[in-house]
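Chain and residue survey
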Amino acid sequence: MTAPTMTDLTLRPLGADDSIEALTALLHASYASLAAQGWNFTAVDQSIQTTRERVESGQAFVALTATGELVGTVTVAPPKRPDGRYLGDPVPECYTQADTAILAQLAVHPSCRGQGVGERLMDIAEAWALAQGYAHVALDTAVPAEALRRRYERRGYALIGDVQWAGKTYRSVLMRKALGAGARA
């Protein structure tokens with residue numbers, strides 16, 4: 001795959017005709033470098049059904065090349081119920097707050113990294129959350145994934161806690177970002 005230029009990309013909501021199989025394959029390809037470091041993020045090998053459930057829980061966005069090739073994705077979802085589960089685990093408190101959307105499954109195909117695709121996907125996810133009236137967006141990532149943590153910190157995400165997800169080879173940090181003016185208090 002030739003890396004597309006930013007002007008060649010289309011970002012849009014995931015559509016009913018989009019392939020969940022292709023989205024799952026993108027997640028696997030995008031997270032393979034993290035798996036190689038020993039970090040078993042859910043998206044490393046999640047099933048098609050898990051991908052479907054995750055995108056149906058909120059709003060997924062995709063990045064497509066001019067030829068329609070899927071090269072990026074992100075999902076942003078409403079808060080979880082305090083008595084619910086998040087990928088089989090108890091829900092962290094920051095993921096239950098009524099003013100906080102949850103960002104997950106950020107993925108960019110390895111051939112397209114360094115092109116700003118991830119930043120554009122985060123922009124569209126954060127804009128969606130703000131338009132829905134959320135004051136914050138929260139996410140989690142592996143403690144040892146320092147480059148990812150720094151990336152999120154540069155975007156205004158602050159550390160607010162940590163969690164050990166069942167079956168993961170790492171502890172995760174929880175991060176949250178305040179969104180622009182006009183968000184619901």
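These remarks concern the structure in this document. Nothing here was measured: the structure is a model prediction, and the numbers come from that model.

Rules behind the numbers
Residues numbered from 1 in each chain as written. Predicted model: local features only at pLDDT ≥ 70, side-chain atom pairs only at ≥ 80, totals over all residues. Heavy atoms only, no water. Helix = DSSP H or I, 4+ residues; strand = E, 2+ residues; numbered from the N terminus. Expected span 1.5 Å × (residues − 1). Buried < 20%, exposed > 50% of the residue type's maximum accessible area, 1.4 Å probe, protein only. Arc of directions from axis to C-beta. Lys, Arg positive; Asp, Glu negative; His and termini not counted. Salt bridge = Lys/Arg side-chain N within 4 Å of Asp/Glu carboxyl O. Contact = heavy atoms within 4.5 Å. Axes fitted to C-alpha atoms, helices over the stretch in contact; angles between N-to-C directions. Parallel < 35°, antiparallel > 145°, perpendicular 65-115°, else oblique. Nonpolar A, V, L, I, M, F, W, Y, C, P; charged D, E, K, R; others polar.

Re helix α3 (residues 117–131)
Residue pairs three or four apart in sequence face the same way in an α-helix, which turns once every 3.6 residues. For α3, spanning 15 residues, the distance from its first C-alpha to its last is 21 Å, which sits close to the expected 21 Å at 1.5 Å a residue. Listing the buried residues of α3 in full gives V117, G118, L121, M122, A125, E126, W128 and A129. Within α3, the buried residues cover an arc of 165 degrees as seen down the axis, which keeps them to one side.

Observations concerning the side chain of K80
Its location among the elements puts K80 in the loop between β3 (70–77) and β4 (85–86). It is E53 that comes nearest to the buried, bridge-free K80 among opposite-charge side chains, at 9.9 Å. Apart from the residues within four sequence positions on either side, K80 is in contact with S57, Y86, V91, Y95, T96 and I102.

Here's the deal with the pattern of salt bridges
Enumeration according to the criterion identifies nine salt bridges in this entry. With a shortest N-O distance of 2.9 Å, K177 and E126 are connected by a salt bridge. With K177 in strand β9 (residues 172–178) and E126 in helix α3, the pair connects residues that are 51 residues apart, well separated along the chain. For K177, a relative accessible area of 14% corresponds to the buried category. The closest approach of N and O atoms between R171 and D162, which form a salt bridge, is 3.2 Å. The class for R171 is partly exposed, based on a relative accessible area of 36%.

Some words on unusual backbone geometry
Non-glycine residue Q105 carries a positive phi angle of around 55 degrees. With respect to the helices and strands, the residue Q105 is situated in strand β6 (residues 100–108). Judged by its relative accessible area of 4%, Q105 is buried.

Topic: the packing of helix α1 (residues 20–36) against helix α2 (residues 48–56)
In the contact formed by α1 and α2, the axes pass within 9 Å of each other and the chain directions differ by 100 degrees. Accordingly, the angle class assigned to the pair α1 and α2 is roughly perpendicular. Contacts from I20, E21, L23, T24 and L27 of α1 reach α2 at I48, T51, R52 and V55. Looking at side-chain class alone, the contact of α1 with α2 contains five nonpolar, two polar and two charged residues.

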